[in-house]
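Per-entry structural report
What follows is the residue order along each chain.
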Amino acid sequence: MEERMELIGSDISDLENLIKELDQPKFRAKQLFSWLYNKKVDKIKEMTNLSKELRAKLEKKTRIERLKLIKSQESSDGTVKYLFGLSDGNKIESVYMPYRDGRRSICISTQVGCGMGCNFCATGLHGLSRNLTAGEIVNQILTVEDITGEEISNVVFMGMGEPLANYDRVLKAIRLINSEQGMNIGMRRITLSTCGLIPQIESLAQEKLQLTLAISLHAANNKLRSQMMPINAKYPVEELIPACKRYTELTGRRITFEYAIVDGLNDSYAHARELAKLLRGMLAHVNLIPINEVEGIDYTRPQRRSINLFKEELDKLNIPATIRVERGGDIDAACGQLQGKEDR
Ligand code: SAH
Ligand code: SF4
């Protein structure tokens with residue numbers, strides 16, 4: 001039997017092609033798009049404004065599937081971590097974070113595993129299995145909305161994988177998430193985090209999107225950064241920072257620099273001053289994250305006091321910084337702890 005086409009992940013031009021193949025008038029594509037991403041139905045029979053004939057054809061040729069829920073764990077702070085199964089048996093994790101002010105955020109994955117090998121991150125421990133499709137990326141949102149009955153307001157690309165290593169699909173997913181006729185989540189409510197792939201940062205700048213770009217910096221000099229993040233050997237700090245400046249010039253957007261503090265490694269006054277010097281004059285913001293401990297990785301979480309001192313030093317040097325409020329640490333749902341494995 002011919003395999004049925006998965007509709008989730010199709011953009012308007014994919015749907016127009018499909019509708020054409022099915023010998024239907026073009027406007028049907030828009031209606032279908034709205035059912036998929038705006039009204040978010042997962043059954044073709046519920047698409048009541050489509051003709052019977054078209055619905056029958058769609059039933060035969062296409063399918064709409066949510067991700068398969070394997071396991072969920074809820075943190076004492078309301079954060080929920082979901083383990084989802086993909087159609088080929090791979091597994092990914094997504095993290096749902098409700099906030100008191102009404103925001104409903106989701107942290108989504110873009111790859112199964114990650115090939116970047118940062119030495120503090122659980123996702124990277126076993127390398128990259130494969131890229132996610134645009135459908136699998138947006139389906140994390142649709143599936144979590146179905147499960148929770150809540151509408152997602154903010155999306156962060158900080159789950160498993162390096163989003164810019166899966167550039168085209170991630171960009172397609174972002175456009176679906178942002179589309180006014182679709183999921184309609186504003187660009188300013190989308191954050192994309194990268195370990196610093198310069199050519200892709202340059203391409204993204206050309207798109208001039210109003211999303212927030214976050215750069216995982218973690219160290220302000222090449223020696224330390226290369227030790228923590230092998231990608232730094234290819235895209236060193238003195239090239240990364242100018243690329244970030246160009247990004248800001250082109251998009252007008254402030255960049256967030258993530259700095260995970262590891263006890264005794266990158267947490268001294270001298271490190272803070274070095275970081276301040278590097279970012280001086282930039283439209284930038286530093287997000288300080290106490291490193292999350294990962295089994296098998298020998299980094300220690302710093303004392304709260306040493307994080308505060310690091311921040312005070314940045315304050316003195318007029319570098320805007322905040323300490324990230326941690327969510328879901330008790331269920332291994334915090335940054336860098338996602339592995340996509342069941343047996344934990
Ligand atoms: N691959 C992208 C996005 C996913 S990782 C990136 O690296 O930016 C999301 C964030 O978690 C990144 O800032 C990453 O550096 C950080 N991170 C990874 N492992 C961590 C850990 N053990 N503790 C704290 N943050 C971690
Ligand atoms: Fe990949 Fe990001 Fe983890 Fe590095 S921190 S291994 S880039 S997911």
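Anything mentioned here points back to the structure above.
I will try to describe carefully the structure that is included in this document. Predicted model only: the values in this text are computed from it and were never measured.

**Some thoughts on the overall build of the chain**
- Each helix and strand counted, the chain has 10 helices and 14 strands in total.
- Compactness check: the chain gives a C-alpha radius of gyration of 21 Å against a globular reference of 20 Å for 344 residues, within 12% of the reference.
- Overall size of the chain, expressed as C-alpha extent along the three principal axes, is 70 × 45 × 40 Å.
- Looking at the chain as a whole, 55% of its 344 residues are labelled buried.
- In the chain, the share of contacts with a sequence separation of at least 24, taken over all contacts with a separation of at least 6, comes to 65%.
- Accessible area for the chain stands at about 15700 Å²; split by element, carbon and sulfur atoms hold 47% of it.

**Considerations on the pattern of salt bridges**
- Per the counting criterion, the structure on display carries 21 salt bridges.
- Salt-bridge contacts for lysine 40 lead to glutamate 151; the nearest nitrogen and oxygen are separated by 3.5 Å. Taken together, the positions of lysine 40 in the loop between helix H2 (27-38) and helix H3 (52-61) and glutamate 151 in the loop between helix H4 (134-148) and strand E9 (154-157) put the pair 111 residues apart, joining distant regions of the chain.
- Notably, a salt bridge pairs arginine 301 with glutamate 326, separated by 3.0 Å at the nearest N-O pair. One end of the pair, arginine 301, is in the loop between strand E13 (284-290) and helix H10 (304-316); the other, glutamate 326, is in the segment after strand E14 (321-323), and 25 residues separate them in sequence.
- On the basis of relative accessible area, arginine 301 is assigned to the partly exposed category, the value being 34%.
- Members of the salt-bridge network, linked through shared partners, are Glu3, Glu6, Arg63 and Glu65.

**Notes on the site of ligand 1**
- Around ligand 1, a shell composed of 18 residues is seen, among which Phe120, Ser193, Ser216, His218 and Asn292 lie nearest.
- Within the side chain of serine 216, an N or O atom sits 2.6 Å from an oxygen atom of ligand 1.
- Burial of ligand 1 by the protein amounts to 96% of the accessible area it has alone, namely 520 Å².
- The residue inventory of the shell around ligand 1, partitioned by class, reads eight nonpolar, eight polar and two charged.

How each quantity is defined
- Residues numbered from 1 in each chain as written.
- Chains lettered and ligands numbered in written order.
- Predicted model: local features only at pLDDT ≥ 70, side-chain atom pairs only at ≥ 80, totals over all residues.
- Heavy atoms only, no water.
- Helix = DSSP H or I, 4+ residues; strand = E, 2+ residues; numbered from the N terminus.
- Rg over C-alpha atoms; globule rule 2.2 N^0.38 Å.
- Buried < 20%, exposed > 50% of the residue type's maximum accessible area, 1.4 Å probe, protein only.
- Contact = heavy atoms within 4.5 Å.
- Areas by Shrake-Rupley, 256 points an atom, 1.4 Å probe, with all protein chains shown as cover.
- Salt bridge = Lys/Arg side-chain N within 4 Å of Asp/Glu carboxyl O.
- Near = heavy atom within 4 Å.
- Polar contact = N/O pair within 3.5 Å; in protein donor to acceptor, adjacent residues only side chain to side chain.
- Nonpolar A, V, L, I, M, F, W, Y, C, P; charged D, E, K, R; others polar.

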